[in-house]
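Below are the chains, spelled out letter by letter.
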Amino acid sequence: MSKVNLNLKKRKVISDKIFKIGATAAGTYVLVVVVLIAFQLVSESYPVWEEEGLSFITKTDWNAVEGRESFGALPYILGTLTTSAIAMMIGVPLSIGIAMFISDAPPKIGAPLGFLVELLAAVPSVIYGLWGLFVFRIYFRDWFETPIHDAFGDNIWLFSGNPYGLDILTASVILAIMIIPTVSAVSREIMKAVPQQQKEAAYMLGATKWEMFKLAIFPYSKTGLIGASILGLGRAVGETMAVTMLIGNATGIGAIPSSLFGPSQTMSSIIANEFVEASPASIHMPALIGIGLILLLIAIVINVIAHLLVTKMLKIKEGAINN
Amino acid sequence: MSSIQNRRQEYRSLFKQNVAKRLLVDKIVRIIVFSCVIIAIIPLGSILVEVFKNGITAISIEFLTETPGSVGSGEGGIGPAIQGTLIIIGLSSLIGVPIGVMSGIFLSEYGDNKLARSVRFFNDVFMEFPSIILGIFAFLIIVLVLGHFSVWAGAFALSLIMFPIVARTTEESLKMVPTTYREAGTALGLTKWIITFRIVISAAKSGMVTGILLSVSRIGGETAPLIMTILGSSQFFSSMDTPMDALPLRIWRLSLLPYDSAQLQGWGAALVLIMIILGINLGVRYYFANKKNTFFRNLIKQRKNVIK
């Protein structure tokens, strides 16, 4: 009798242990994958670092012809940074406006609107590309780019170049649309985290709605809103398909952003365009993997900063509620 | 006496001016904020309208079932792409869902230590990794090793996008289950894994299904990792070791062709893809939003009572 019980107990303990080990292994999987990705990218891009050294980051030529191979990542880094920066300039104010509206509207209006904006995130990137290529580009070129170019093109370098619609500005606007759901959803959470008493206090002082935002919400949620925007930046930096379809895909020195209406190329788009054609034997593929490594490092830095800011902000909220 | 009255008058008008100005600023901000919402909704409306308007003319039975015809002829269809998308979704779920669910269980049931905190953090960061990097990774460790493009490589790359989403939603829904459920299980003398699978998970099922379906709709539209793993093809699926087609890849290829007929087919494929993805999204949100109202609200209420 006692022996049977003892066995049963043992079995229980063992099965629980296996379960715990399995769960822990699955949890640790993400850490292993991150380390493996970093290791693979470093080791597979090693030839290009060996060949070009750190000048790989600062060089501007891009030549895959055999015997004359020369690779520099600078134009694509600049392309990524430029498009992301413009996308942020357009997308972040819009998203914060949306978050203000939704956080303040009655739930009957706010919830469906928030849902509609989040549907933007569900539309696949390649469909943004298709729409951008065949619909948005045409209108944007005829109604916005051409008039601006005709008016200022000769005097301001920003608007020089030939507006064709496949350029930095078009790609950036599409990127801006694509980061809106992320930034506005997180900003909304952050604004909700502001204690109700703060808002009430502002109203009690006779503040208008805008003054309430200015006095009570923005100072309190500044860190979180910056975090939300950086999260959007992370999205914009990694976005591939829509950008590849709209940025004009110049290479080498031609890809250095020179005007809003000129073609360029980003890190992810050059990988998407050339990876399959690149031969693993030559230095072309290591160069592309090297660009991938730089992209990964930038993305990790951006996302880590964003998550630290956002979680810090939401923790303050929990603390405030518990007190 | 009169000077006091004068001053009062002056202050009153100053006050009125001030209030008028503040109200004006408030009104302007309201208008700006409202136009932000409108500006954001316009692209969504335009995309949906254009995809439906252009796509519907391309759709026919042949279009949905046949292989693509010769380039620019406008004949043939996207059968292999639809088949490929379904296959790749199935395979990635096969890899991604079990890992994601187990990882979520780890985070919620054993998640009170340093390891779990770093796992949670890296899960969140990993979710935002550029997807093309996951494609390169799958290429390097599967395609390059095997020496040919492989369906498994694509499924592996997509499962990497999938599992953090599943893990986090699983964790969130498991956390909603009151501790009393687990205590009841323990009181019955059940082992922890039986409690987790039979009691906790069955109580949190709808939240987990939501997460899984949302991650499916996310990977269904992914293109970048597929470029270097399954490559795209114009034939129906034949084996795991040959290139395969998928809807996003097909849309990309069609959009690069300079023919009107190809463009039309691209819209048709986009319509099919958006129907699948928005269908899952809307369905899940509508179905579970209603369910949540009764089920999860009760759960939360119970949890709050327990805390009290």
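Residues numbered from 1 in each chain as written. Chains lettered and ligands numbered in written order. Predicted model: local features only at pLDDT ≥ 70, side-chain atom pairs only at ≥ 80, totals over all residues. Heavy atoms only, no water.

Regarding the overall build of chain B
Counting its secondary structure elements, chain B contains twelve helices and zero strands. Along chain B, helices and strands appear, N-terminal first, in the series α-α-α-α-α-α-α-α-α-α-α-α. Taking 2.2 N^0.38 as the reference for a compact globule, 308 residues should give roughly 19 Å; the C-alpha atoms of chain B span a radius of gyration of 27 Å, well beyond that estimate. Seen through its C-alpha atoms, chain B measures out along the principal axes to roughly 100 × 65 × 35 Å. (Helix = DSSP H or I, 4+ residues; strand = E, 2+ residues; numbered from the N terminus. Rg over C-alpha atoms; globule rule 2.2 N^0.38 Å.)

Description of helix 4 (residues 74-104) of chain A
Its 31 residues give helix 4 of chain A an end-to-end C-alpha distance of 44 Å, which sits within 8% of 45 Å, the value for a rise of 1.5 Å per residue. Maximum bend of helix 4 of chain A: about 30°, positioned at Met88(A). (Expected span 1.5 Å × (residues − 1). Bend = angle between axes of the 7 residues up to and from the residue.)

Concerning the nonpolar core
The biggest cluster of nonpolar side chains holds 184 residues, and the ones touching the most others in it are Ile127(A) and Phe126(B). Here this core takes 15 residues from helix 7 (residues 168-192) of chain A, the largest share from any one element. (Core = buried A, V, L, I, M, F, W, Y, C linked by side-chain atoms within 4.5 Å. Buried < 20%, exposed > 50% of the residue type's maximum accessible area, 1.4 Å probe, protein only.)

Things to note about the interface of chain B and chain A
Residue-level contacts link 78 residues of chain B with 77 residues of chain A. Here chain B meets chain A over a buried area of about 7,100 Å², counting both sides, of which 82% is carbon and sulfur. One can count two salt bridges joining chain B with chain A. Residue Glu128(B) pairs with Arg235(A) through a salt bridge whose shortest N-O separation is 3.7 Å. Put simply, chain B and chain A have nine residue pairs in polar contact (both at pLDDT 80 or more) between them. Counted by class, the side of chain B that touches chain A contains 56 nonpolar, 13 polar and nine charged residues. (Contact = heavy atoms within 4.5 Å. Buried area = accessible area lost by both parts, 1.4 Å probe. Salt bridge = Lys/Arg side-chain N within 4 Å of Asp/Glu carboxyl O. Polar contact = N/O pair within 3.5 Å; in protein donor to acceptor, adjacent residues only side chain to side chain. Nonpolar A, V, L, I, M, F, W, Y, C, P; charged D, E, K, R; others polar.)

Observations regarding the packing of aromatic side chains
Think of a pair of aromatic rings as described by two things: how far the centres are apart, and how the planes are tilted against each other in angle. Enumeration according to the criterion identifies 21 aromatic pairs over all chains in this entry. Taking 6.0 Å as the distance between ring centres and 40° as the angle between the ring planes, the aromatic pair formed by Phe152(A) and Phe159(A) counts as tilted. Residue classification places Phe152(A) among the partly exposed residues on the basis of a relative accessible area of 39%. For Phe159(A), a relative accessible area of 18% corresponds to the buried category. A centroid spacing of 4.9 Å and a plane angle of 85° characterise the contact between Phe275(A) and Phe139(B), whose relative ring orientation is edge-to-face. Here Phe275(A) is found in the loop between helix 11 (267-274) and helix 12 (284-322), whereas its partner Phe139(B) is found in helix 5 (residues 131-146) on a different chain. This pair shows no difference in class: Phe275(A) is buried, exactly as Phe139(B) is. Each residue in the set Tyr29(A), Phe126(B), Phe129(B) and Phe163(B) is aromatic and connected to the rest through ring pairs, giving one cluster. We note Arg137(A) situated over the ring of Tyr164(A); from NZ or CZ to the ring centre the distance is 5.6 Å. (Phe/Tyr/Trp six-rings, centres within 6.5 Å; stacked < 30°, edge-to-face > 60°. Lys NZ or Arg CZ within 6 Å of the ring centre and 35° of its normal.)

So, the side chain of Gln40(A)
One can find Gln40(A) in helix 1 (residues 2-44). Setting aside residues up to four positions removed in sequence, Gln40(A) forms contacts with Phe137(B), Leu140(B) and Ile141(B).

Treat this as a map of the structure, not an account of what it does.
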